[in-house]
Amino acid sequence: MTNQDLIARDLNVLWHPCTQMKDTQQLPPIPMRRGEGVWLEDFDGNRYIDAVSSWWVNIFGHANPAINARIKTQLDTIEHVMLAGFTHEPAVELAERLVDITPPGLDKVFYADNGSAAVEVALKMSFHYWLNTGHGEKTRFINLSNSYHGETLGALAVGDVSLYKKTYEPLLLKPLTARSPDCFHREPGMSWEEHSRAVFADMEALLAEHAHETCAVIVEPLLQCAGHMRMYHPVYLELLREACDRYNVHLIADEIATGFGRTGTLFACEQAGDNGITPDFMCLSKGITAGYLPMSVAMTTNEIYDAFYDEYENLTAFLHSHSYTGNPLACAAALATLDEFAARDQINGNRVLSERMAQATAPLADHPHVAEVRQTGMVLAIEMVKDKASRTPFDWRERRGLRVYRHGLTRQSLLRPLGDTIYFMPPYVISPEQIDHLAEVAAEGIDHAVST
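The structure reproduced in this document is the subject of the present report. Because the structure is a prediction, the values reported are computed rather than measured.

### Observations regarding helix H1 (residues 3-13)
Working step 1: Buried within H1 we find Asn3, Ile7 and Asp10. Buried positions in H1, seen along its axis, are confined to an arc of 65° and lie on one side of it. Turned more than 90 degrees from where H1 packs its buried face, Ala8, Arg9, Asn12 and Val13 sit exposed.
Working step 2: If you follow the buried residues of H1, they end up packed against strand E2 (39-42).

### Observations concerning helix H4 (residues 89-101)
Working step 1: When the terminal C-alpha atoms of H4 are compared, their 18 Å separation across 13 residues agrees well with the 18 Å that a helix rising 1.5 Å per residue should span.
Working step 2: Turning to H4, its buried residues are Pro90, Ala91, Leu94, Ala95 and Leu98. For H4, the buried positions fall inside an angular range of 130° around the axis, keeping them on one side. Facing away from the buried side of H4, by more than 90 degrees, are the exposed residues Glu89, Glu96 and Asp100.
Working step 3: The inward-facing, buried residues of H4 contact helix H3 (65-75), strand E4 (108-112), strand E11 (281-284), strand E12 (296-300) and helix H11 (328-344).

### So, the layout of surface pockets
Working step 1: Of the pockets and cavities examined, the second largest pocket occupies roughly 880 Å³.
Working step 2: Forming the walls of the second largest pocket are 28 residues, and the residues nearest its centre are Leu83, Phe110, Tyr305, Phe318 and His320.
Working step 3: Taken together, the elements giving at least two residues each to the lining of the second largest pocket come down to E4, E12 and helix H10 (302-306).
Working step 4: When residues of the lining of the second largest pocket are assigned to their parent elements, the largest contribution, four residues, is made by E4.
Working step 5: Of the residues assigned to the lining of the second largest pocket, the class counts are 17 nonpolar, eight polar and three charged.

Criteria and thresholds
- Each chain carries its own residue numbering, running from 1 in the written order of its sequence.
- Reporting of local features is limited, given that this is a predicted model, to residues whose pLDDT is at least 70; pairs of side-chain atoms are given and counted only at 80 or more, and all residues count toward the totals for whole chains, interfaces and linings.
- To obtain the side-chain values, all non-hydrogen atoms of the structure were included, while hydrogens and water were left out.
- Here the term buried applies to any residue with accessible area under 20% of the maximum for its type, exposed to any over 50%, and partly exposed to those in between, with areas from a 1.4 Å probe on protein chains only.
- Secondary structure is summarised from DSSP: a helix means a run of H or I of at least four residues, a strand means a run of E of at least two, and numbering begins at the N terminus for each.
- For this quantity, the arc is that covered by the directions from the helix axis to the C-beta atoms.
- In this analysis, two residues are considered to be in contact whenever any of their non-hydrogen atoms come within 4.5 Å of each other.
- Expected helix span is given by 1.5 Å per residue-to-residue step, counting one fewer step than there are residues.
- Cavity and pocket criteria rest on a 1 Å grid covering protein atoms alone: a 1.4 Å probe that fits but cannot get out defines a cavity, protein on both sides within 12 Å along at least 5 of 7 lines defines an open pocket, and an atom within 4 Å of a point defines a lining residue.
- Grid points are joined across faces, edges and corners, and a volume is the space filled by probe spheres set on the points.
- Side-chain classes follow a simple rule in which Ala, Val, Leu, Ile, Met, Phe, Trp, Tyr, Cys and Pro form the nonpolar group, Asp, Glu, Lys and Arg form the charged group, and the remainder, Gly included, forms the polar group.

Below you can see the structure in the form of structure tokens.
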């Protein structure tokens, strides 16, 4: 089979996600034949470094031998059983280990099957908790500007990226929106911490006015991924946790993309204050199975769990379900993923890789069409602009970032941009030399993208 063979079959039947399908006339999908480590290979023998971890999920490389083996063993035991009225060892062991490694107090695990579903669970649980405890007036949520939490209607409603949300506005809940602590917008000379502290005043004001009707505040800790990889200081999380306690509002930490080592610690919430913070809900997905199988979890506290624990006749149970909740194969992949973290001392290893990413891209900070090179752990973003001094962006219709992407494909690099933001979010098995190559290709691509 060749690339063209599979492309022709694909375009006859498939509708691809996050894609204007008419674009495929000029830029058809690239058929993948196999993957190994950081590499993806097509049917014509071309190879690409997966610099974005296949949408941020593949953290230990493609065809990882240890994860492969764990899934194969599980496959010979039991592939699936419903988790309503039944249980199995992988689901129990994974829940035990997640309780052990997440911030203290997150003692209950509810399984779902993708990141958006985990957000839906957290939103519904928060509302339902307040209903069960006599506070049915709490029906609203607070989000951050430029936030993103998924594509299902509840998750979409509490996001704030117009590109994804605007079309569906008539169908959505109406959240209250606080100004994002995004440090790209800080005043000259102001530090990340100073900016994030100052911006918190907007959240404080919303809570002061609306706490009586608010179920929860939802944030992506430290990093607004789909919002062009904008970043902020952990002090904001510290201030937010204290305010949510003071105003009797839940805090939902969407660590779907930021968890499992992406931000420099196992979970981004660990970086707030001296000892980290514990949210009332933590949503996890993506890296939890290292990109192998769909899975997500919503973790919460015993206090919230206890508000649902009642006689059946009182109808206070949480009746949310997914057919593949707690799938044994996905649990096995997640358990193998946690084993890989321990075997590799991966958090410390990521600090070395993060420093190499910073060094390799440092020259781009002086590029006349780069407004900022920013980094949080294993996520590094390069934001292209038309004018550096004023930070005036290019017209989005020019699709400059797409030019970088297309150049990258000619140089063995998969650099799928977010608008005009080029970013690295690679598997943790990437080598220093491969990081250097990506930085070189990104620099070439940016020069090409801004040349006309």
